Amino acid sequence: MELTDTMNTYMKYASMDRTKFLGPTSLEEQAYCEWFAAEVFSGRGEIVELGSWLGSLTVSTARGLALNTLAQPNCRIIQTYDLFRWNVGFEDWVKGTPYEQRFRPNESFRTLYEEIIAPYRTGASIVVHQEDLSRSKWDGTPIEFLINDAWKTVPIMANIIDNFFPSLLTGSVVFHQDYLWVTESQIQIAMFLLRDYFEFPSRIENSCGVAFRKTRDIDQEIISDLAARASYLDFSNEEIEAAFQWSRSLFDDPEAQLVVDGAKGWMLGAIGEIDRARSVFQDIKGSEHREHWFYKFQEDILRQWGYDYLMD
Ligand SMILES: C[S@@+](CC[C@H](N)C(=O)[O-])C[C@H]1O[C@@H](n2cnc3c(N)ncnc32)[C@H](O)[C@@H]1O
């Protein structure tokens, strides 16, 4: 799955009769999931979606499954997971829609998710799990496509690798929706440590998304090592240096490389290496691509979230 081949194929789903579904995902990411479900998914395993929120990727994937001619109808299964607890941060994503101010913090929004996905259940069987992904268990059913938009913390990452990754089929695809998002840079470290088992990252246009394809069974030793990580402090300096150097080498686009640098700076800040973090952001300041919207947007968010001290 070379980057160019993938892009040429999935982008047609962005231009089909479709507008973007509501959510913090781009039309291109939605098109990628729809394309995969329609044209690549074979039914050898199930589709798992971590962190579905109001379903922009659930619906896209289900639309794709409805077009699929490779998988038997009874094998078109999406297992979706979310806490379904409202968070004030979600208000930004529903501004100007009928859902604005509909929920109080911590209130369940599962019913709304079920309402949104209901029309798409004819082409796919959608099984909804309301649970905490830092504790979820998987029953061992093979997984062919894993959509991850939930590795917000190290314990979630560790639990998913421990419980779900052993069931990834050879040839399956893991789509990390936030791979190029600076404050979730544990994803880059995990994929570095798993790099011998995955190939060809495909960057999804106009998004932070990157898809990896699994090439062989993952040694249990690596799974157990990652499963034992509980916090950012469980990443060593050597791992951080090597992981972000490797991750940077995956991309030709300077704005993606800058985001990898920002991700490293953020991770160094998270483990208390403030001077080293500041030095990374100082180097970024010297880049001619620093004003690129893709990097700039993330730096603006870091400032909004109080990380100015790493950058000034
Ligand atoms: C960025 S949103 C996902 C957006 C979604 N991909 C879409 O298509 O709109 C992240 C989601 O992860 C969920 N989440 C965060 N921590 C979680 C946890 N520990 N267990 C389950 N879900 C969690 C949140 O409730 C939220 O809906």
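Thresholds applied
- Residues numbered from 1 in each chain as written.
- Predicted model: local features only at pLDDT ≥ 70, side-chain atom pairs only at ≥ 80, totals over all residues.
- Heavy atoms only, no water.
- Helix = DSSP H or I, 4+ residues; strand = E, 2+ residues; numbered from the N terminus.
- Buried < 20%, exposed > 50% of the residue type's maximum accessible area, 1.4 Å probe, protein only.
- Contact = heavy atoms within 4.5 Å.
- Pairing = 2+ DSSP bridges.
- Right-handed = clockwise from strand over helix to strand, strands pointing away.
- Domains from an automatic or database assignment.
- Buried area = accessible area lost by both parts, 1.4 Å probe.
- Salt bridge = Lys/Arg side-chain N within 4 Å of Asp/Glu carboxyl O.
- Axes fitted to C-alpha atoms, helices over the stretch in contact; angles between N-to-C directions.
- Parallel < 35°, antiparallel > 145°, perpendicular 65-115°, else oblique.
- Left-handed = near helix turned anticlockwise from the far one by under 90°.
- Nonpolar A, V, L, I, M, F, W, Y, C, P; charged D, E, K, R; others polar.
- Phe/Tyr/Trp six-rings, centres within 6.5 Å; stacked < 30°, edge-to-face > 60°.
- Lys NZ or Arg CZ within 6 Å of the ring centre and 35° of its normal.
- Expected span 1.5 Å × (residues − 1).
- Arc of directions from axis to C-beta.

### Notes on the environment of Arg110
Right, so step 1: Within the secondary structure, Arg110 sits in helix H5 (residues 110-117).
Right, so step 2: Under the relative-accessibility criterion, Arg110 is labelled partly exposed at 25%.
Right, so step 3: Distance from Arg110 to Ala31, taken between C-alpha atoms, is 24 Å for residues 79 residues apart in sequence.
Right, so step 4: The contact partners of Arg110, leaving out residues within four places of it in the chain, are Phe84, Val128 and Gln130.

### Let's talk about the pairing of strand S4 (residues 143-148)
Right, so step 1: With 6 of its 6 residues buried, S4 lies for the most part within the structure.
Right, so step 2: Bridge analysis of strand S1 (residues 46-50) against S4 gives 5 bridges, and the strand direction is parallel. Paired with Glu46 across the two strands is Ile143, which belongs to S4.
Right, so step 3: Summarising the sheet, S4 and strand S5 (residues 168-176) pair through 5 bridges and their orientation is parallel. Bridge assignment links Phe145 to a residue of S5, and that residue is Val173.
Right, so step 4: Handedness of the crossover joining S4 and S5 through helix H6 (residues 154-163): right-handed.

### Quick notes on the domain arrangement of the chain
Right, so step 1: One can read the domain layout of the chain as domain 1 (3-227) and domain 2 (236-311).
Right, so step 2: A separation of 25 Å is found between the C-alpha centroids of domain 1 and domain 2.
Right, so step 3: Across the contact, 20 residues belong to domain 1 and 25 residues belong to domain 2.
Right, so step 4: Buried surface at the junction of domain 1 and domain 2, both sides included, amounts to about 2,000 Å², of which 75% is carbon and sulfur.
Right, so step 5: Counting the contacts that link domain 1 with domain 2 gives 2 salt bridges.
Right, so step 6: Salt-bridge contacts for Arg203 lead to Asp253; the nearest nitrogen and oxygen are separated by 2.6 Å.

### Observations concerning the sheet that holds S1
Right, so step 1: Read across the sheet, 7 strands follow the order S3-S2-S1-S4-S5-S7-S6 without closing on themselves; strand pairing throughout is mixed. Looking at the sheet topology across the chains shown, the edges are occupied by strand S3 (125-130) and strand S6 (198-203). Within the sheet, the average angular offset between the axes of one strand and its neighbour, ignoring direction, is 15°.
Right, so step 2: Bridge count for S1 against strand S2 (residues 77-82) is 4 bridges, and the pairing is parallel.

### Comments concerning the packing of helix H9 (residues 237-249) against helix H10 (residues 254-270)
Right, so step 1: Two numbers describe how H9 lies on H10: the axes approach to 9 Å, and their chain directions differ by 170°. Taken as axis vectors, H9 and H10 run roughly antiparallel relative to one another. Here the hand of the crossing between H9 and H10 comes out right-handed. Counting all contacts with H9, which are made through Asn237, Ile240, Glu241, Phe244, Ser247 and Arg248, the residues of H10 involved are Gln257, Val260, Asp261, Ala263, Lys264, Met267 and Leu268.
Right, so step 2: Residues that form the contact of H9 with H10 fall into these classes: 6 nonpolar, 3 polar and 4 charged.

### Describing the packing of aromatic side chains
Right, so step 1: Tallied over the entire structure, the rule returns 31 aromatic pairs.
Right, so step 2: Consider the rings of Trp181 and Trp305, whose centres lie 6.4 Å apart with planes at 65°: the pair is edge-to-face. With a gap of 124 residues between them, Trp181 in the loop between S5 and helix H7 (186-193) and Trp305 in the loop between helix H12 (293-304) and helix H13 (308-311) connect regions that are remote in the sequence.
Right, so step 3: For Trp181, a relative accessible area of 12% corresponds to the buried category.
Right, so step 4: Aromatic pair Trp266 and Tyr307: ring centres 6.3 Å apart, planes at 75°, arrangement edge-to-face. In this pair, Trp266 is assigned in helix H10 and Tyr307 in the loop between H12 and H13, connecting sequence segments 41 residues apart.
Right, so step 5: One aromatic cluster is present, built from ring pairs that chain together Trp53, Phe84, Trp86, Phe90, Trp93, Phe103, Phe109 and Tyr113.
Right, so step 6: Seen from the ring of Phe294, Arg203 lies directly overhead, with NZ or CZ sitting 4.6 Å from the centre.

### Remarks on the packing of H7 against H10
Packed helix pairs are characterised by how far apart their axes lie and by the angle those axes make with each other.
Right, so step 1: Running from N to C, H7 and H10 cross one another at 105°; their axes reach a closest spacing of 9 Å. In terms of their interaxial angle, H7 and H10 are classed as roughly perpendicular. Residue-level inspection shows Gln186, Gln188 and Ile189 of H7 in contact with H10, the latter providing Val260, Ala263, Trp266 and Met267.
Right, so step 2: Its residues assigned to classes, the contact of H7 with H10 shows 5 nonpolar, 2 polar and no charged.

### A closer look at H12
Right, so step 1: In this model H12 runs 16 Å from its N-terminal to its C-terminal C-alpha over 12 residues, within 8% of the 16 Å that 1.5 Å per residue would give.
Right, so step 2: Residues Phe294, Tyr295, Gln298, Glu299, Ile301 and Leu302 constitute the buried set of H12. Seen from one end, H12 has its buried residues packed into an arc of 155°, which puts them on one side.
Right, so step 3: Packed against the buried residues of H12 are S6, H10, helix H11 (274-285) and H13.
Right, so step 4: In the stretch just after H12, Gly306 is the one whose phi turns positive, near 90°.

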